[in-house]
Amino acid sequence: MEFRDSRYVVHEGCDHIFFVGFLGAGKSTLARNLGELFHRRYVDTDRLAERIAGKSLAEIYENDGEELFRQAETEVLHTLKSKKSLLVSCGGGIVEKDINLALMREMGVIVFLDGDLSDSLRQIQRTDRRPDLGSVENATQLYRRLRPRYEAAADITIDIREKTFEQVAIDSGKLLWERGLL
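Residues numbered from 1 in each chain as written. Predicted model: local features only at pLDDT ≥ 70, side-chain atom pairs only at ≥ 80, totals over all residues. Heavy atoms only, no water.

Under an unreviewed UniProt entry, the name given to the protein is Shikimate kinase, and the source organism is Lancefieldella parvula. In its Subunit (unreviewed entry) section, UniProt records this for the protein: "Monomer." Turning to the protein, the UniProt record has this under Catalytic activity (unreviewed entry): "shikimate + ATP = 3-phosphoshikimate + ADP + H(+)". (UniProt positions renumbered as here; feature names shortened; annotations may be inferred.)

Listed below in structure tokens is the structure:
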């Protein structure tokens, strides 16, 4: 590990922190907040996949289907291999492909933001940006299918139930700092 200046730690090798969890768990907010607190760059795999595809997530789902989006996610992860020390907010379904899990494990640690479905549904404000969500019944099935994959993938699990985004950021920051990851 080396220090460039008093604010930024550079680790050896690829050392990304990947935040996974269900839609609305606050992965993007957490990556952005920790990035600002610890002077680390943060990215969002959904936004990067949109750039690769040249269209919005909703347009990809509507015109090309979920499989094209999942392929774009995998491409995004491949591009991150040449970067260092990113905080990566991952799309809720990124854990569905084993190749994505292998790539994330190769490049860093996976942090599961563990919350209840009801909390996630309450946090989602732009359902038009969540074409994979659908109805509450659909969301329930999706949550039940993905939750075991998040649990199995996680190097670190952070319980986000009944916590504000600020509390999650502070708790996560402390934990990741203590483990030498930030």
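Feature annotation in UniProt assigns "binding site: ATP" (unreviewed entry) to the following positions: Gly 24, Ala 25, Gly 26, Lys 27, Ser 28, Thr 29 and Arg 130. Exposure remark for Gly 24: the relative accessible area of 14% places this residue in the buried category. (Buried < 20%, exposed > 50% of the residue type's maximum accessible area, 1.4 Å probe, protein only.)

The next subject is unusual backbone geometry. Of note, Ser 85 is a non-glycine position whose phi angle comes to about 55°, a positive value. Its place among the elements puts Ser 85 in the loop between helix H4 (66–80) and strand S5 (87–89). By relative accessible area, which is 1% here, Ser 85 ends up buried. Positive phi is not limited to glycine here, since Glu 162 has a value of about 55°. Within the secondary structure, Glu 162 sits in the loop between strand S7 (156–159) and helix H8 (165–178). Given the relative accessible area of 82%, Glu 162 is considered exposed. (Helix = DSSP H or I, 4+ residues; strand = E, 2+ residues; numbered from the N terminus.)

Let us look at the pairing of strand S6 (residues 108–114). Buried residues dominate S6, accounting for six of its seven residues. Pairing between strand S3 (residues 16–20) and S6: five bridges, direction parallel. Along S6, the bridge assignment pairs Val 20 with Phe 112. As defined by bridge partners, S6 adjoins S7 across four bridges and the pair is classed as parallel. Paired with Leu 113 across the strands is Ile 158, a residue of S7. (Pairing = 2+ DSSP bridges.)

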